[in-house]
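# Coordinate analysis (summary)
Each chain is listed here by its residues.
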Number of protein chains: 2
Amino acid sequence: MIAKGMVGKKLVGDNLQIASEAKRRKLENPNTINATLGTLVNEDNNFYTFKTVDKILRSLENDHIYNYSSTDGGEEFKNAVMNWVFREYLDEIITNFKYQVVATAGGTGAVSNAVFSSLDSNQTLILPNIHWGPYNNIALASNLNVEKFNMFDGNHFNINGFQELIYKVAEKEGKVTFILNDPCHNPTGYTLSDDELLSIIDIINSMENIPFSIIYDIAYFDYPVTRTNVREKFKLLTKLKNNVVIHIAFSCSKTFSIYGLRTGAQIILSKDQNIVEDFYNSSVYLSRTRWSNIPRAGIQLLIKLYNDKKLYAKFLQEQQKARNILTMRAKLFIEEAKTNDLKIYPYHGGFFITIACSDGKKLFEALKKDDIYVIPLQRAIRISISSLPIACINRLVSKVKEAKKIID
Amino acid sequence: MIAKGMVGKKLVGDNLQIASEAKRRKLENPNTINATLGTLVNEDNNFYTFKTVDKILRSLENDHIYNYSSTDGGEEFKNAVMNWVFREYLDEIITNFKYQVVATAGGTGAVSNAVFSSLDSNQTLILPNIHWGPYNNIALASNLNVEKFNMFDGNHFNINGFQELIYKVAEKEGKVTFILNDPCHNPTGYTLSDDELLSIIDIINSMENIPFSIIYDIAYFDYPVTRTNVREKFKLLTKLKNNVVIHIAFSCSKTFSIYGLRTGAQIILSKDQNIVEDFYNSSVYLSRTRWSNIPRAGIQLLIKLYNDKKLYAKFLQEQQKARNILTMRAKLFIEEAKTNDLKIYPYHGGFFITIACSDGKKLFEALKKDDIYVIPLQRAIRISISSLPIACINRLVSKVKEAKKIID
């Protein structure tokens, strides 16, 4: 009875589902390690709340929580988003690009709107072979093809593999849409170097007749650990030509630790004003017909933070503390992994570290028996260090080593 | 460059856009009447907050506001939704139907998921000629056809027109999907009588070989004014046979006055367990790929209300007060309309009253010149009495009369 396009569409082994399982298990055994989700947890194993954020949200007037917001978020919100994302490089961005902003239901909503606006069914979405699981579901929900290139060549981005696939899809379909999840790639934590991003830009610039839609997912960009010039790198994008639209997917969930408020934004950048308008109209249309408008409280949070320099400065300090915690955990984790001969993918920042193995699902199941929950990938497991207090790292790493010995 | 399916999709004259315009104007002229949106406003012209709701929401722990919820909302939420919607008739419903619940981004999300799960592009969504505007956009976003029947035959539901169109679409496409917005229809406030709903059920039951997907939008069901047996009427649905799935779209925005929290639910009812599972899987899949999960605070509100009998009873009292205000406004409005020879559609409850005219857009523009904002329909205007204090009714009605004289 259901639409043909939705036959057999069932969410299996989804991150949020595994996280729920881990949560239930933790109620039975408090020693359960839940390293599944990309949410910040403090060293006491409690949900990490930024005090500045909480203060603003809990003092909002009723109208600013309970009343509707406008579908695109409104001018003040859009302005706050542009300023937050580009900060000292904003002028350079808006001098070089036409732009628009649409409020979205988290980063997911931004990616989803951008994908759906870019491709018709049976066209191809390009992904690296290691990626955030739901990208695949987003593509399948619109009945798109997904083609993947090997993300790594040794310890570096596989620019040749990327180029080959771009050429192939461009030749076949006359247009190219791909997701770039950078900096602090989910699940590996990899951040493209300037040179790598420039190589990608060179390839695109050598194909001026092909329309390019780049979905640039920056979900974890506020949590860099080693490669930290994440905002400066946006300047490189200005080298792109008129045949390109960039959809920056910004997740307020991650930046402000307000996952449950479903706030995000799609920033549309292009040198062609018509392209920006088309994608803006399309995205507003999709938003109105899917979720109507996003939670007003999230919108007000960004506006208030932007308008209050003291609170803004205070929040930056708080976020630096969170980054410090993440940095300590990452450092220890990487050391322990090395000591235990576990191969991890190159990590430069963000909430996750990924351990390579022969069979992610088997390793996931084995760890579950020890009440350790991670996210299985094909030939790897993803560990959320954002939700892994330092005291738990040693136990997790040794258990992974034990389990791997049996499986590999 | 955008997907072919999204070419030319631009939101024009949308309710939320007109409401924003009215809000901006009100900042310049405080006497502006904003009767655009379906949001409750008290007699002092301020946003209507239920104290019980506000108390619960403002005392939620951080984790219950800022952390993720599960995509379908979780068992406690689903249970609270079923109990709220069916109340004393719950047993009868779950004895007769298999069921599932999916948390959605407001009532819009429920309607959107149900439509997208039911129809493939180029198939037909059936609507009455008078309907909530975004239904049309939801259909167009999925590239569906929309076919409409005249909703009224005199002062009653046009059962013959409905039947004719159902037959036509069933013959052509072999399946039928329609939206039933009842009780307290938006925009007219019409509520189907038991006999009318039974006639609809008889027609469907006479076509046992045709799969029927009924999207039952009950957004305003908690605000009946004259026909008040809104929950009892659900019992009639149990007469439907195995060829039917009912998607009840429940809007927590309206029921709890928390529009900005984007909370709602899709209740899937069918006598066929496989059908329920298919639509549940499809809807969870769509949710995960569009908005991921809905605001945790909204989910917690329903759970807390359901688990605390005192707060529950208190909220029911508060809601009765809101209904009383609405009833007073409706009574006065209908009297004034009668005195001024304005033809309104039959009103039985809900947030809106609709005045017939020769050209809704012209009347809308004329009223705007007097700083009165309403929603234009084709041959009518929609007045939100939910946001129209008693003191404003007389001015609005006389201005409509004046403007109509010139236009009609």
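Residues numbered from 1 in each chain as written. Chains lettered and ligands numbered in written order. Predicted model: local features only at pLDDT ≥ 70, side-chain atom pairs only at ≥ 80, totals over all residues. Heavy atoms only, no water.

## Brief notes about the overall build of chain A
The helix and strand inventory of chain A stands at 15 helices and 14 strands. Here the C-alpha coordinates of chain A stretch approximately 55 × 55 × 50 Å along the principal axes. Residue pairs at least 24 apart in sequence account for 75% of intrachain contacts in chain A once pairs closer than 6 positions are excluded. Entry remark: accessible area of chain A is about 15,100 Å², with carbon and sulfur atoms responsible for 47%. Of the side-chain charges in chain A, 50 are positive and 43 negative, and the distance between the mean point of each set is 5 Å. (Helix = DSSP H or I, 4+ residues; strand = E, 2+ residues; numbered from the N terminus. Contact = heavy atoms within 4.5 Å. Areas by Shrake-Rupley, 256 points an atom, 1.4 Å probe, with all protein chains shown as cover. Lys, Arg positive; Asp, Glu negative; His and termini not counted. Charge placed at Lys NZ, Arg CZ, Asp CG, Glu CD.)

## Let's talk about the domain arrangement of chain A
Often, the extent of an interface is quoted as the loss of accessible area upon association of its parts. Residue and element names in this part refer to chain A. Each domain of chain A was delimited in the assignment, giving domain 1 (4-50 + 312-405) and domain 2 (64-309). A separation of 25 Å is found between the C-alpha centroids of domain 1 and domain 2. At the junction of the two partners, domain 1 supplies 33 residues and domain 2 supplies 34 residues. Considering only the side of domain 1, the residues that lose the most area to domain 2 are Y312, P346 and H348, jointly responsible for 27% of the buried surface there. (Domains from an automatic or database assignment. Buried area = accessible area lost by both parts, 1.4 Å probe.)

## Observations regarding a positive patch on the surface
Side chains of K51, K55, K314 and K321 of chain A sit close together on the surface and give a patch of like positive charge. Secondary structure elements with two or more residues in the positive patch: α2 (51-58) and α13 (309-339) of chain A. (Patch = residues over 30% accessible without salt bridge, like charges linked within 9 Å, V, L, I, M, F, W, Y side chains within 5 Å. Salt bridge = Lys/Arg side-chain N within 4 Å of Asp/Glu carboxyl O.)

## A word on the packing of aromatic side chains
According to the stated counting rule, one finds 44 aromatic pairs over all chains in the structure shown. Judged by centre distance (5.8 Å) and plane angle (80°), the ring pair of F149 of chain B and F157 of chain B falls under edge-to-face. For the pair shown, F149 of chain B and F157 of chain B are each scored as buried. Taken together, a centroid distance of 5.1 Å and an interplanar angle of 80° make the contact between F162 of chain B and F178 of chain B edge-to-face. Residue F162 of chain B is found in helix α8 (residues 159-173), and its partner F178 of chain B is found in strand β7 (residues 176-181); the two are separated by 16 residues along the sequence. Take F178 of chain B: its relative accessible area is 2%, and that puts it in the buried class. Here R227 of chain A stacks its cationic end above the ring of Y190 of chain A, 5.7 Å away from the centre of that ring. (Phe/Tyr/Trp six-rings, centres within 6.5 Å; stacked < 30°, edge-to-face > 60°. Buried < 20%, exposed > 50% of the residue type's maximum accessible area, 1.4 Å probe, protein only. Lys NZ or Arg CZ within 6 Å of the ring centre and 35° of its normal.)

## Re the sheet that holds strand β7 (residues 176-181) of chain A
All names here are of chain A. In spatial order, the strands read β2-β10-β9-β8-β7-β3-β4; together these seven strands make up an open sheet with mixed pairing. Either end of the sheet is taken by a strand with one partner, and the two such strands are β2 (98-104) and β4 (145-149). Across the sheet, the mean angle from the axis of one strand to that of its neighbour is 20°, orientation sign disregarded. Along the sheet, helix α6 (residues 106-118) makes contact with β2, β3 (124-128), β7, β8 (212-217), β9 (244-251) and β10 (264-270), crossing β9 at roughly 160°. Sitting on the sheet, helix α9 (residues 194-205) touches β7, β8 and β9, and the angle it makes with β7 is about 175°. (Pairing = 2+ DSSP bridges. Axes fitted to C-alpha atoms, helices over the stretch in contact; angles between N-to-C directions.)

## Some points on the interface of chain A and chain B
Facing 78 residues of chain A, the contacting portion of chain B comprises 78 residues. Between chain A and chain B, roughly 6,600 Å² of surface is buried when both sides are summed, and carbon and sulfur atoms account for 60% of that area. For the chain A face of the interface with chain B, the top three residues by lost area are M1, Y66 and Y285 of chain A, together amounting to 15%. Here R288 of chain B ties to D14 of chain A by a salt bridge, and the two come within 2.8 Å at their closest N and O atoms.

## Some words on the packing of helix α4 (residues 75-86) of chain A against helix α12 (residues 296-307) of chain A
Residues and elements named next belong to chain A. Running from amino to carboxyl end, α4 crosses α12 at an angle of 65°, the nearest separation of the two axes being 9 Å. Remark: the crossing between α4 and α12 carries left-handed chirality. Across from E76, F77, N79, A80, V81 and N83 in α4, the residues of α12 making contact are I299, L302, I303, Y306 and N307. Of the residues contributing to the contact of α4 with α12, the split by class is seven nonpolar, three polar and one charged. (Left-handed = near helix turned anticlockwise from the far one by under 90°. Nonpolar A, V, L, I, M, F, W, Y, C, P; charged D, E, K, R; others polar.)

## Some points on helix α7 (residues 134-141) of chain A
Most of α7 of chain A sits inside the fold, with six of its eight residues counted as buried. Among all positions of α7 of chain A, only P134, Y135, N137, I138, A139 and A141 of chain A are buried.

## Description of unusual backbone geometry
All names here are of chain A. A cis amide bond links N186 to the next residue, P187, at an omega of 20°. Structurally, the position occupied by P187 is in the loop between β7 and α9. Although it is not a glycine, D371 sits at a positive phi angle of roughly 55°.

## Remarks on the relation of the copies chain A and chain B
Turning chain A through 180° and shifting it by 0.0 Å along the axis lays it on chain B, with an RMSD of 0.0 Å. Overall, the copies show the geometry of a two-fold rotation axis. Same-surface contact between copies: 100% of interface residues of chain A are shared with the interface of chain B. (Least-squares fit on C-alpha atoms with pLDDT ≥ 70 in both.)

## Here's the deal with the nonpolar core
The biggest cluster of nonpolar side chains holds 249 residues, and the ones touching the most others in it are F178, F250 and F256 of chain A together with F178, F250 and F256 of chain B. It is α13 of chain A that contributes the most residues to this core, nine residues altogether. Every residue in contact with F256 of chain A, bar those within four places of it in the chain, is listed here: F50, V53, W84, F250, L301, L302, L305 and F315 of chain A. (Core = buried A, V, L, I, M, F, W, Y, C linked by side-chain atoms within 4.5 Å.)

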